[in-house]
Amino acid sequence: MIDIKDNLKKIQETIELAKSRSKESQDKVLLLAVSKTRTAEEINAAIEAGITDIGENKVQEILEKWDHVSPVRWHMIGHLQRNKVKYIIDKVCMIHSVDSLKLAKEIDRRAKQNDRIMDVLIQVNVAQEESKFGVSVGKTEALIDEILKLCPNVRVCGLMTIPPLTQDPEEARGQFRQVKEMYDAFQNKRHEHLAFTWLSMGMSNDFPVAIEEGANIVRIGTAIFGARTYPT
Ligand SMILES: *Cc1c(COP(=O)(O)O)cnc(C)c1O
């Protein structure tokens, strides 16, 4: 039996330990429970145990679960197709996976229609893997500048990254560090729609390393809910 409450307790302890080893002083590390493939019952158990924010990577799953999950903040963390933005624009508090101006413009358009500002993170692809989503390191600043210029209903709140899955989480450390350096470089930039406060990196296998390198959102599924029984 998976004991969600017990898993969360252990993860929080690991988070605190990693924070104490970090050179950064993260006041807060937000534990985002990644609930893809999980039932509303499982998600509600996590909320009951103290989870305030959940992450889903598919629009369809958000819509299916929406009516059955207790009040919580929803985050979109997966690749988002432009034609699906309209379904979640009034449901999520943050979109972690913005990697093109076209997508940002559609989010902007739908946010405006909904009379809101949408918080987004820019997904950076450090490894330059062709199979993965995300904007390359070299194009990140230009993308952010364009969003700030053209998308008044979008607020750029930081960066997100997904390093390639490796056996040894240490292998991801260099990439986390590189994204943290990019994140720091934006701290000096001032713009009405720029609020660089979130660095979303680290999953079940590598979150302590990510926190040591400065992450302040970790996206954790397996370590909370157990192994997923079907792939997504
Ligand atoms: C599935 C997923 C996670 C969580 O992965 P685990 O290894 O189960 O912790 C984090 N981020 C994204 C974008 C995901 O799709």
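Residues numbered from 1 in each chain as written. Predicted model: local features only at pLDDT ≥ 70, side-chain atom pairs only at ≥ 80, totals over all residues. Heavy atoms only, no water.

Peer 1: For this particular structure, what's the right way to read the overall build of the chain?
Peer 2: Scanning the chain for helices and strands turns up nine helices and nine strands. Computed over C-alpha atoms, the radius of gyration of the chain comes to 17 Å, within 12% of the 17 Å expected from 2.2 N^0.38 for 232 residues, which places it in the range of a compact globule. Each principal axis of the C-alpha atoms in the chain carries an extent, and together these give about 50 × 40 × 35 Å. With 232 residues in all, the chain has 52% of them scored as buried. Considering only intrachain contacts with a sequence separation of at least 6, the fraction spanning at least 24 residues in the chain is 60%. Split by element, the accessible area of the chain, about 11400 Å² in all, is 48% carbon and sulfur. Computed over 33 positive and 34 negative side-chain charges, the separation of the two mean positions in the chain equals 4 Å. (Helix = DSSP H or I, 4+ residues; strand = E, 2+ residues; numbered from the N terminus. Rg over C-alpha atoms; globule rule 2.2 N^0.38 Å. Buried < 20%, exposed > 50% of the residue type's maximum accessible area, 1.4 Å probe, protein only. Contact = heavy atoms within 4.5 Å. Areas by Shrake-Rupley, 256 points an atom, 1.4 Å probe, with all protein chains shown as cover. Lys, Arg positive; Asp, Glu negative; His and termini not counted. Charge placed at Lys NZ, Arg CZ, Asp CG, Glu CD.)

Peer 1: I keep staring at the pairing of strand E5 (residues 118-125) and nothing clicks. Help me out?
Peer 2: The side chains of a regular strand alternate, residue by residue, between the two faces of the sheet. Where burial is concerned, most of E5 is hidden: eight out of the eight residues are buried. The two faces of E5 match: Met118, Val120, Ile122 and Val124 on one face and Asp119, Leu121, Gln123 and Asn125 on the other face are all buried. Pairing between strand E4 (residues 92-98) and E5: three bridges, direction parallel. For methionine 94, the partnering residue across the bridge sits in E5 and is aspartate 119. In this fold, the crossover linking E4 to E5 by way of helix H5 (residues 101-113) has right-handed handedness. Looking at chain direction, E5 and strand E7 (residues 154-161) are connected through seven bridges and run parallel. Bridge pairing links isoleucine 122 to leucine 159 in E7. Of the strand pairs in this sheet, E5 and strand E6 (residues 135-136) are connected by two bridges, and their pairing is parallel. Residue pairing for E6: asparagine 125 is matched across the bridge by serine 136. (Pairing = 2+ DSSP bridges. Right-handed = clockwise from strand over helix to strand, strands pointing away.)

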